[in-house]
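A closer look at the structure
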Amino acid sequence: LSVGRAVLAALRGRLGALCWSLAPLSLSLPLPGWRDSPRRPQREQEWDDAPPTPTSVNYHFTRQCNYKCGFCFHTAKTSFVLPLEEAKRGLAMLKEAGMEKINFSGGEPFIQDRGEFVGELVQFCKQELELPSVSIVSNGSLIRKQWFQKYGEYLDILAISCDSFDEDVNVLIGRRQGKKNHVENLHKLRQWCREYAVAFKINSVINRFNVEEDMNEQIKALNPVRWKVFQCLLIEGENSGEDALREAEKFVISDEDFDRFLDRHKDVSCLVPESNQKMRDSYLILDEYMRFLNCRNGRKEPSKSILDVGVEAAIKFSGFDEKMFLKRGGKYVWSKADMKLDW
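In the nomenclature of an unreviewed UniProt entry, the protein is known as S-adenosylmethionine-dependent nucleotide dehydratase RSAD2 of Sinosuthora webbiana. Among the UniProt annotations of the protein, the heading Subcellular location (unreviewed entry) holds the following wording: "Endoplasmic reticulum membrane". Comment text from UniProt for the protein, heading Cofactor (unreviewed entry), reads "[4Fe-4S] cluster".

**Section: the overall build of the protein**
Each helix and strand counted, the protein has 14 helices and 10 strands in total. For the protein, the proportion of its 343 residues judged to be buried stands at 49%. Within the protein, residue pairs in contact and separated by at least 24 positions form 74% of the contacts whose partners lie at least 6 positions apart.

**Observations regarding the environment of Arg 328**
Among the secondary structure elements, Arg 328 is positioned in the loop between helix H13 (322–327) and helix H14 (336–339). You can call Arg 328 buried: its relative accessible area is 11%. For the pair Arg 328 and Ser 275, spaced 53 residues apart in sequence, the C-alpha separation works out to 9.8 Å. Ignoring any residue separated from it by four or fewer positions in sequence, one finds Arg 328 in contact with Lys 228, Glu 274, Lys 278, Ser 282 and Tyr 283.

**Side note on the pairing of strand S1 (residues 56–60)**
In terms of burial, S1 is largely enclosed, as five of its five residues are buried. Taking every second residue as pointing to the same face, both faces of S1 are buried, with Ser 56, Asn 58 and His 60 on one and Val 57 and Tyr 59 on the other. Pairing of S1 with strand S2 (residues 101–105) involves five bridges; the strand directions are parallel. Looking at the pairing, Tyr 59 lines up with Phe 104 of S2. Handedness of the S1-helix H3 (residues 84–96)-S2 crossover: right-handed. Sheet analysis places S1 next to strand S8 (residues 285–286), joined by two bridges and oriented parallel.

**Overview of H3**
Compared with an ideal rise of 1.5 Å per residue, which puts 13 residues at 18 Å, H3 spans 19 Å between its outermost C-alpha atoms and is within 8% of the ideal. Along H3, the residues classified as buried are Ala 87, Lys 88, Gly 90, Leu 91 and Leu 94. All buried residues of H3 project into a common sector of 160° when viewed along the axis, lining one side. Counted as exposed and oriented over 90 degrees from the buried face of H3: Glu 85 and Glu 96. One or two residues past the end of H3 sits Gly 98, with phi positive at roughly 120°.

**Looking at the side chain of Gln 231**
Relative to the elements of secondary structure, Gln 231 occurs in strand S6 (residues 226–231). The exposure class of Gln 231 is buried, given its relative accessible area of 2%. Looking at Gln 231, its side chain comes within polar contact range of the main-chain oxygen of Ile 253, at 3.4 Å. Filtering out sequence-adjacent residues up to four positions away, Gln 231 remains in contact with Ile 206, Ile 253, Ser 254, Asp 255, Phe 258, Glu 274, Ser 275, Asn 276 and Met 279.

**What about the nonpolar core?**
Counting 65 residues, the largest nonpolar core has Tyr 59, Leu 91, Ile 102, Phe 104 and Trp 227 as the members making the most contacts within it. At six residues, the largest contribution of residues to this core is made by helix H4 (residues 116–128). Apart from the residues lying within four places of it in its own chain, the contact partners of Leu 91 are Tyr 59, Met 99, Ile 102, Phe 104, Leu 121, Phe 124, Cys 125, Leu 129 and Met 290. Core analysis: the next-biggest nonpolar cluster, separate from the first, contains nine residues, Val 169, Val 205, Ala 248 and Phe 251 among them.

**Notes on the packing of aromatic side chains**
If you walk through the whole model with that rule in mind, you get 15 aromatic pairs. Between Phe 110 and Trp 147, the ring centres sit 5.1 Å apart and the planes meet at 70°, which makes this aromatic pair edge-to-face. A residue pair is termed long-range when its members are at least 10 positions apart, and Phe 110 in the loop between S2 and H4 and Trp 147 in helix H5 (residues 145–151) qualify at 37 residues. In this structure Trp 147 comes out as buried when scored by relative accessible area, which is 6%. Residues Trp 147 and Tyr 151 carry aromatic rings whose centres are separated by 5.4 Å and whose planes lie at 45° to one another, so their mutual orientation is tilted. Within this pair, Trp 147 and its partner Tyr 151 are both found in helix H5, separated by four residues, close to a single helical turn. Like Trp 147, the residue Tyr 151 is buried in the burial classification.

**Overview of the pattern of salt bridges**
Opposite charge on two side chains permits pairing when their charged atoms draw close. Scanning the model with the defined rule gives 20 salt bridges in all. Notably, a salt bridge pairs Glu 116 with Lys 150, separated by 3.0 Å at the nearest N-O pair. One end of the pair, Glu 116, is in helix H4; the other, Lys 150, is in helix H5, and 34 residues separate them in sequence. For the salt bridge of Glu 212 with Arg 264, the shortest nitrogen-to-oxygen distance reads 3.7 Å. Within this pair, whereas Glu 212 is found in the loop between strand S5 (199–206) and helix H8 (216–222), its partner Arg 264 is found in helix H9 (residues 255–264), the two being separated by 52 residues in sequence. On the basis of relative accessible area, Glu 212 is assigned to the exposed category, the value being 53%. Among the residues examined, Arg 264 registers a relative accessible area of 25% and is labelled partly exposed.

The rules behind these values
- Starting afresh in each chain, residues are numbered from 1 along the sequence in its written order.
- A pLDDT threshold of at least 70 governs which residues receive local features in this predicted model, and a stricter bar of 80 or more applies before side-chain atom pairs are shown or counted, although totals over entire chains, interfaces and linings include all residues.
- Only heavy atoms go into the side-chain values, all of them from the structure, while hydrogens and water stay out.
- UniProt positions are given in the numbering used here, feature names are shortened, and annotations may be inferred rather than shown by experiment.
- Runs of H or I in DSSP of at least four residues are treated as helices and runs of E of at least two as strands, each being numbered from the N terminus.
- Burial classification: accessible surface area is computed with a 1.4 Å probe over protein chains only, and a residue below 20% of its type maximum counts as buried, one above 50% as exposed, and the rest as partly exposed.
- Contacts are assigned to residue pairs with any non-hydrogen atoms lying within 4.5 Å of each other.
- DSSP calls a pair of strands paired once it identifies at least 2 bridges connecting them.
- With its strands directed away from the observer, a crossover is right-handed exactly when the path from the first strand over the helix to the second travels clockwise.
- By this rule the span expected of a helix is its residue count minus one, scaled by 1.5 Å.
- Throughout, the arc means the angular range of directions from the helix axis out to the C-beta atoms.
- Here a polar contact means two N or O atoms within 3.5 Å. Within protein one must be a hydrogen donor candidate and the other an acceptor candidate, and residues neighboring in sequence count only if both atoms are side-chain atoms.
- By convention a nonpolar core is built from buried Ala, Val, Leu, Ile, Met, Phe, Trp, Tyr and Cys residues, the set being connected through side-chain atoms within 4.5 Å.
- Pairing of aromatic rings covers Phe, Tyr and Trp, the last through its six-membered ring, and needs centres within 6.5 Å; plane angles under 30 degrees mean stacked, over 60 mean edge-to-face, and all others mean tilted.
- Basic side-chain nitrogens of Lys or Arg form a salt bridge, by our definition, when they fall within 4 Å of a carboxyl oxygen of Asp or Glu.

Printed below as a string of structure tokens:
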């Protein structure tokens, strides 16, 4: 009986192999009890199964921050930061997998070693990995002119978060520390970017406290290369839910509110709007352990670290929508060498 079973198993295997070998020749084998069904081309199947390319990656290497923005969706749940050489190893792996742009974020990226940590990574990515684009998102409060003098040549884009040009609103949001004026500091950073040939960008989160504000005049005066306008987003475990460090429900606005804000600023040529749906699925986010964070279910579900399993294995669990990334304009002229700006 065992011999018979072995023979049958072998025959089934040979028959299966024969059918697959004939499939590319478009031959049909109408066996009894089998129904004909359309077969997708093998190349299409392989395309669907292929992991996405990490063209643009957002590396949140620290969760620590000196601000307390009420809607923050990447909060200080840990104080962990990878050793510098391990972070560089992971970045080299991402470059090997197809990364063209790296964006360093947090938390506040300049809080680690007074900006030296992010400076070392910026220089490594531009000088050693020769990435076309290296950028940072920061609240700007900890950046010093000496940092530009040392690392400015390696940085393509500096994005500063600014949600309001009214300091009272910034205080309500939590985007302030001590008596430093956030808006005045923004203008100082704009000037330094001109001096050291770094493209200047502004990120704004539209929420209940700034949704009625008219920012046309101030944005046009600052003249950023891009003004990213985000709709306030709830992420369970970060700014919503029992285990969250923030309660962002009071900041949330409707889609209609967001559309009205966009319509009020439609004449700003550098405006790049991003709704919640675009944000949730179209960003490749690495956390402090170099794990991809999947936000599709409304919370951040981590993959295994790329340092342990490699980029290809980890990115399959990222929830990344590559088509949405391209649709929202995620790939643009992002190297300052190609921007031809009047610094």
